[in-house]
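Fold and contact review
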Amino acid sequence: MKSLVRPARVTLLVAVTLSFGALVVQAVPPKTESRVCFAAVANYSQNTAIGLCSHAVLQTLRVGPSGTVGYVTTATTPQATVLSLLPTYCNRRLAYPYLQPYLAVVGAGTDATVAAMLSSATNRTNFVKALVSFVRSYPNCVGILIDFSGLNASQT
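Residues numbered from 1 in each chain as written. Predicted model: local features only at pLDDT ≥ 70, side-chain atom pairs only at ≥ 80, totals over all residues. Heavy atoms only, no water.

1. Some words on the packing of helix H4 (residues 112–119) against helix H5 (residues 121–136)
What counts here: Every axis corresponds to a line fitted to the C-alpha atoms, with the helix fit spanning only the stretch in contact, and the corresponding angles, defined between N-to-C directions, vary from 0 to 180 degrees. Counting from the N terminus, the helices are DSSP H or I runs at least four residues long and the strands are E runs at least two residues long. The labels follow the angle: roughly parallel below 35 degrees, roughly antiparallel above 145, roughly perpendicular from 65 to 115, and oblique for the rest. Every residue pair with non-hydrogen atoms within 4.5 Å of one another is taken to be in contact.
As a packed pair, H4 and H5 sit with axes 5 Å apart at the nearest point and diverge in direction by 105°. Of the possible angle classes, the one that applies to H4 and H5 is roughly perpendicular. In this structure, H4 contributes Ala116, Met117, Leu118 and Ser119 to the contact, and H5 contributes Ala121, Asn123, Arg124 and Phe127.

Right, here's the structure in full:
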């Protein structure tokens, strides 16, 4: 076995090789993972679990009469509560800049308001204008997800 005559030179060569390898590893972009979370109407001002999501979808909107924007409400969550809690959801983007919060419009082709909106060009126009206005009022939400199920052929 041959002994190393110049260990400093070998050490320098190893250090340069490791440094180059570290630069190559850093140059590779990190793998990003998407995690879509579906959310319910709640107070999100202190919520940290939403920070685990890359995208969040709050199912809170529906088609209202004559193509207006309505709200998904329950006996315990009236419209006033929904409207007061929407900013807490959208503003989580301030705490988690990578989070992309969406508001979802949900409905079915059998819902009278959805059927009326889809069958009338005027109601469709009113609904799109109302959605655009609504989204502009919540700048920290990135967009709208529309989920209509059970549409018949004439509604598509």
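2. Concerning H4
Cut-off, in case you're wondering: When accessible area is computed with a 1.4 Å probe and restricted to protein chains, residues below 20% of their type maximum are described as buried, those above 50% as exposed, and intermediate ones as partly exposed. To obtain the arc, one takes the directions from the helix axis to the C-beta atoms.
Considered for burial, the residues of H4 that qualify are Val114, Met117 and Leu118. For H4, the arc enclosing every buried residue in end-on projection is 95°, short of the 170-degree limit, so these residues lie on one face. Turned more than 90 degrees from where H4 packs its buried face, Ala112 and Ser119 sit exposed. Each element contacted by the buried residues of H4 is listed here: strand S2 (55–63), strand S4 (100–108), H5 and strand S5 (143–149).

3. Some thoughts on a nonpolar patch on the surface
Rules: Like-charged residues are merged into a patch within 9 Å and nonpolar side chains (Val, Leu, Ile, Met, Phe, Trp, Tyr) within 5 Å, provided each residue has over 30% relative accessible area and no salt bridge. Throughout, the Shrake-Rupley method with a 1.4 Å probe supplies accessible areas, and for residues the shown protein chains are the sole cover considered. Think of a salt bridge as a Lys or Arg side-chain nitrogen and an Asp or Glu carboxyl oxygen that are within 4 Å of each other.
On the surface, Val36, Phe38 and Leu145 cluster together into a nonpolar patch covering about 290 Å² of accessible area. You can see Leu145 is positioned in strand S5.

4. Describing the state of the cysteines
The bond known as a disulfide is covalent and runs between the sulfur atoms of two cysteines. Quick reminder of the rule: A pair of cysteine sulfur atoms is labelled a disulfide when the two atoms are within 2.5 Å.
In this structure the tally under the stated criterion is 2 disulfides. One disulfide bridge connects Cys37 with Cys53, the sulfur atoms lying 2.0 Å from each other. Handedness of the Cys37-Cys53 disulfide follows from its S-S torsion of about -100°: it is left-handed. On the criterion of sequence distance, the pair formed by Cys37 in strand S1 (residues 36–39) and Cys53 in the loop between S1 and S2 is long-range, its members being 16 residues apart. What pairs with Cys90 in a disulfide is Cys141, and their sulfur atoms sit 2.1 Å apart. Across the disulfide from Cys90 to Cys141, rotation about the S-S bond amounts to roughly -85°, and the bridge is consequently left-handed. Note that Cys90 is positioned in helix H2 (residues 79–90) and Cys141 in the loop between H5 and S5, a separation of 51 residues in sequence. Each of the two residues, Cys90 as well as Cys141, counts as buried.

5. As for the nonpolar core
For soluble globular proteins, nonpolar side chains are generally found buried alongside one another. To keep it simple, the criterion reads: Working definition of a nonpolar core: buried Ala, Val, Leu, Ile, Met, Phe, Trp, Tyr and Cys residues. They are joined through side-chain atoms within 4.5 Å.
In terms of nonpolar packing, the biggest core is built from 26 residues, with Ile50, Leu61, Tyr89, Leu103 and Phe134 touching the most fellow members. Mapped by element, the contributors of at least two residues to this core are S2, strand S3 (69–71), H2, S4, H4 and H5. Ignoring sequence-local partners within four residues, the contact set of Leu103 consists of Leu58, Thr60, Leu61, Leu86, Tyr89, Phe134, Cys141, Gly143, Ile144 and Leu145.

6. Topic: the side chain of Ser54
To keep it simple, the criterion reads: In the analysis that follows, any N or O atom pair within 3.5 Å is treated as a polar contact, provided that within protein one partner can donate a hydrogen and the other can accept it, and provided that, for residues neighboring in sequence, both atoms belong to side chains.
If you trace the backbone, Ser54 turns up in the loop between S1 and S2. A polar contact is formed between the side chain of Ser54 and the side chain of His55, at a distance of 2.8 Å. Not counting the four nearest positions on each side in its chain, Ser54 is found in contact with Glu33, Ser34, Arg35, Val36, Tyr98, Leu99 and Gln100.

These results come straight from atomic positions and should not be treated as a statement about function.
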